[in-house]
Amino acid sequence: MGFRDRGLEIKTRDQIDLMRVAGLLVGETLELLRSATRPGVTTLELDTLAETHIRDHGGIPSFKGYSQPPFPATICASVNDEVVHGIPGPRTLVDGDVISIDCGAIVAGWHGDAAITVPVGEVGDDVRELLRVTEESLWRGMAAARLGGRVTDISHAIETYVRSQGRYGILEDYTGHGIGTEMHMAPNVPNYGRRGRGPGIVEGLALAVEPMVTLGSKDTDLLEDEWTVATVDGSMAAHFEHTFTVTPEGSWVLTAVDGGEARLAELGVPFGGR
């Protein structure tokens, strides 16, 4: 069985394999939602599609009923200036929107958690670049993780890449996190900071890394629904997330359909999946 080491849940390789089942279901669900995102679709329709797919494939939505007040949906659907935790509903997507879709699933008691931000129809070059920078920073963060390293090595790599690409806001109040038998566990994984700090990266530790980046200020407000987080200045936002682990062979992105093998190879990182 896995165990806790100074508050961290350390999994066996067999348990990581079980997490891969949950992660793959999340990754496949997000690809289904990506293909379904277009002008005229409502965020509730996307949510229904996600719940049906997860349950039809033996999973349970992680988000539905989570926390207080209970989250009412399977996905978080955050549009334009909404960064994270948007509640799906009758809102119809229109040309020029962007939507962050965050999705979690439980299979056999293990969680997977990932997010993508999808352009709806045609968006401006600045918005498309925001999405590229945010997603690339996620991969740069995961690529910085090594056994024997520290959690903030990931944080530093994310911040360094985003800062190198222009004047963007990086959210500081919301972070990535450990994941396993619960969706949110220690440690926090900030999207900024100095390397070499925080808990050590060890075999059996699984992390959900999720940079949240804006075209303007890093400052946010919590809306009246007590869930949706939006930028104070109304600027567009992007959010990408993957669940991953580091094995002795290399890194394994549990929520990527290919395990992250192709993208990790481009970044010179050995693949640790199977």
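Residues numbered from 1 in each chain as written. Predicted model: local features only at pLDDT ≥ 70, side-chain atom pairs only at ≥ 80, totals over all residues. Heavy atoms only, no water.

1. Observations regarding the overall build of the chain
Here is step 1 of the chain: Counting secondary structure elements, the chain contains five helices and 17 strands.
Here is step 2 of the chain: For the chain, with 274 residues in total, the buried portion stands at 55%.
Here is step 3 of the chain: Taking the intrachain contacts of the chain between residues at least 6 apart in sequence as the baseline, contacts between residues at least 24 apart amount to 67%.
Here is step 4 of the chain: Carbon and sulfur atoms make up 51% of the accessible area of the chain, which totals about 11,200 Å².
Here is step 5 of the chain: Each charge class in the chain can be summarised by its mean position, and for the 23 positive and 40 negative side chains these summaries are 8 Å apart. (Helix = DSSP H or I, 4+ residues; strand = E, 2+ residues; numbered from the N terminus. Buried < 20%, exposed > 50% of the residue type's maximum accessible area, 1.4 Å probe, protein only. Contact = heavy atoms within 4.5 Å. Areas by Shrake-Rupley, 256 points an atom, 1.4 Å probe, with all protein chains shown as cover. Lys, Arg positive; Asp, Glu negative; His and termini not counted. Charge placed at Lys NZ, Arg CZ, Asp CG, Glu CD.)

2. Overview of the environment of G234
Here is step 1 of the chain: When you line up the elements, G234 lands in the loop between β14 (229-231) and β15 (237-239).
Here is step 2 of the chain: Given the relative accessible area of 47%, G234 is considered partly exposed.
Here is step 3 of the chain: Taking the C-alpha atoms as reference points, G234 and A36, 198 residues apart in sequence, are found 26 Å from one another.

3. With respect to the nonpolar core
Soluble globular proteins tend to pack their nonpolar side chains together in the buried interior.
Here is step 1 of the chain: Counting 58 residues, the largest nonpolar core has L46, I75, I99, I101, I154, V209 and F244 as the members making the most contacts within it.
Here is step 2 of the chain: Among all residues touching F244, those that are not within four sequence positions of it are M142, A145, I154, L205, A206, L207, V209, S251, W252, V253 and L254.
Here is step 3 of the chain: Listed in part, the eight residues of the second largest apolar core include M19, W110, I179 and A206. (Core = buried A, V, L, I, M, F, W, Y, C linked by side-chain atoms within 4.5 Å.)

4. As for the UniProt feature "domain: Peptidase M24" (unreviewed entry) in the chain
Here is step 1 of the chain: Here the UniProt-annotated "domain: Peptidase M24" (unreviewed entry) positions come out as residues 18-247.
Here is step 2 of the chain: In residues 18-247, helix accounts for 29% and strand for 27%; the two terminal C-alpha atoms are 15 Å from one another. (UniProt positions renumbered as here; feature names shortened; annotations may be inferred.)

5. Concerning the environment of M142
Here is step 1 of the chain: Within the fold, M142 resides in helix α3 (residues 125-143).
Here is step 2 of the chain: When the C-alpha atoms of M142 and V209 are compared, they prove to be 7.5 Å apart, with 67 residues separating the residues in sequence.
Here is step 3 of the chain: Every residue in contact with M142, bar those within four places of it in the chain, is listed here: I154, V209, H242, F244, S251 and V253.

6. Comments concerning the pattern of salt bridges
Here is step 1 of the chain: The full count for this structure, using the stated rule, is 14 salt bridges.
Here is step 2 of the chain: Here R274 and D17 are joined by a salt bridge, their closest N and O atoms 2.2 Å apart. In this pair, R274 sits in the segment after α5 (261-266) while D17 sits in helix α1 (residues 13-36), placing the two residues 257 residues apart along the sequence.
Here is step 3 of the chain: One salt bridge connects R34 with E31, and the closest N-O pair in it is separated by 3.3 Å. Taken together, the residues span about one helical turn, with R34 and E31 both in helix α1 at a distance of three residues.
Here is step 4 of the chain: Judged by its relative accessible area of 32%, R34 is partly exposed.
Here is step 5 of the chain: A relative accessible area of 37% places E31 in the partly exposed class.
Here is step 6 of the chain: One connected set of salt bridges, linked through shared partners, spans R13, D17, E249 and R274. (Salt bridge = Lys/Arg side-chain N within 4 Å of Asp/Glu carboxyl O.)

7. Section: the sheet that holds strand β17 (residues 250-253)
Here is step 1 of the chain: Pairing in this open sheet of five strands is antiparallel, and the strands run β10-β9-β11-β16-β17 from one edge to the other. Looking along the sheet, the strands with just one partner apiece sit at the ends: β10 (185-189) and β17. Recorded for the sheet is a direction-independent mean angle of 25° between the axes of neighbouring strands.
Here is step 2 of the chain: As judged from the four bridges shared by strand β11 (residues 206-209) and strand β16 (residues 242-247), these two strands associate in the antiparallel manner. Of the residues in β16, the one forming a bridge with A208 is T243.
Here is step 3 of the chain: Helix-sheet contacts for α3 involve β11, β16 and β17, and the interaxial angle to β16 is about 20°.
Here is step 4 of the chain: Along the sheet, helix α4 (residues 151-165) makes contact with β10, β11 and β16, crossing β10 at roughly 35°. (Pairing = 2+ DSSP bridges. Axes fitted to C-alpha atoms, helices over the stretch in contact; angles between N-to-C directions.)

8. What to know about a negative patch on the surface
Here is step 1 of the chain: On the surface, a cluster of negative charge is contributed by D173, D219, D221 and D233.
Here is step 2 of the chain: You can see D233 is positioned in the loop between β14 and β15. (Patch = residues over 30% accessible without salt bridge, like charges linked within 9 Å, V, L, I, M, F, W, Y side chains within 5 Å.)

9. Looking at the layout of surface pockets
Empty pockets left among the atoms are what a rolling probe the size of a water molecule brings to light.
Here is step 1 of the chain: In this structure, the largest pocket occupies an estimated 410 Å³ of space.
Here is step 2 of the chain: Along its surface, the largest pocket is lined by 26 residues, and Y66, H85, H184, E210 and W227 are the ones closest to its centre.
Here is step 3 of the chain: Elements with a contribution of two residues or more to the lining of the largest pocket: β9 (176-178) and β10.
Here is step 4 of the chain: Of the residues contributing to the lining of the largest pocket, the split by class is 11 nonpolar, nine polar and six charged.
Here is step 5 of the chain: Taken together, the elements giving at least two residues each to the lining of the second largest pocket come down to α1, β7 (110-119) and α3. (1 Å grid on protein atoms, 1.4 Å probe; cavity = no way out; pocket = protein on both sides within 12 Å on 5 of 7 lines; lining within 4 Å. Points joined across faces, edges and corners; volume = space filled by probe spheres on them. Nonpolar A, V, L, I, M, F, W, Y, C, P; charged D, E, K, R; others polar.)

10. Brief notes about the packing of aromatic side chains
Here is step 1 of the chain: One pass over the structure, following the stated rule, counts two aromatic pairs.
Here is step 2 of the chain: Between F63 and F71, the aromatic rings sit 6.5 Å apart at their centres with planes inclined by 90°, giving edge-to-face as the arrangement. An identical accessibility class is assigned to F63 and F71; each is buried.
Here is step 3 of the chain: With a centroid separation of 5.1 Å and 80° between ring planes, the pair formed by F71 and W227 is classed as edge-to-face. Here W227 lies in the loop between β13 (220-222) and β14 and F71 lies in the loop between β3 (60-61) and β4 (75-79), a separation of 156 residues in the sequence.
Here is step 4 of the chain: Assessed through its relative accessible area of 12%, W227 is described here as buried. (Phe/Tyr/Trp six-rings, centres within 6.5 Å; stacked < 30°, edge-to-face > 60°.)

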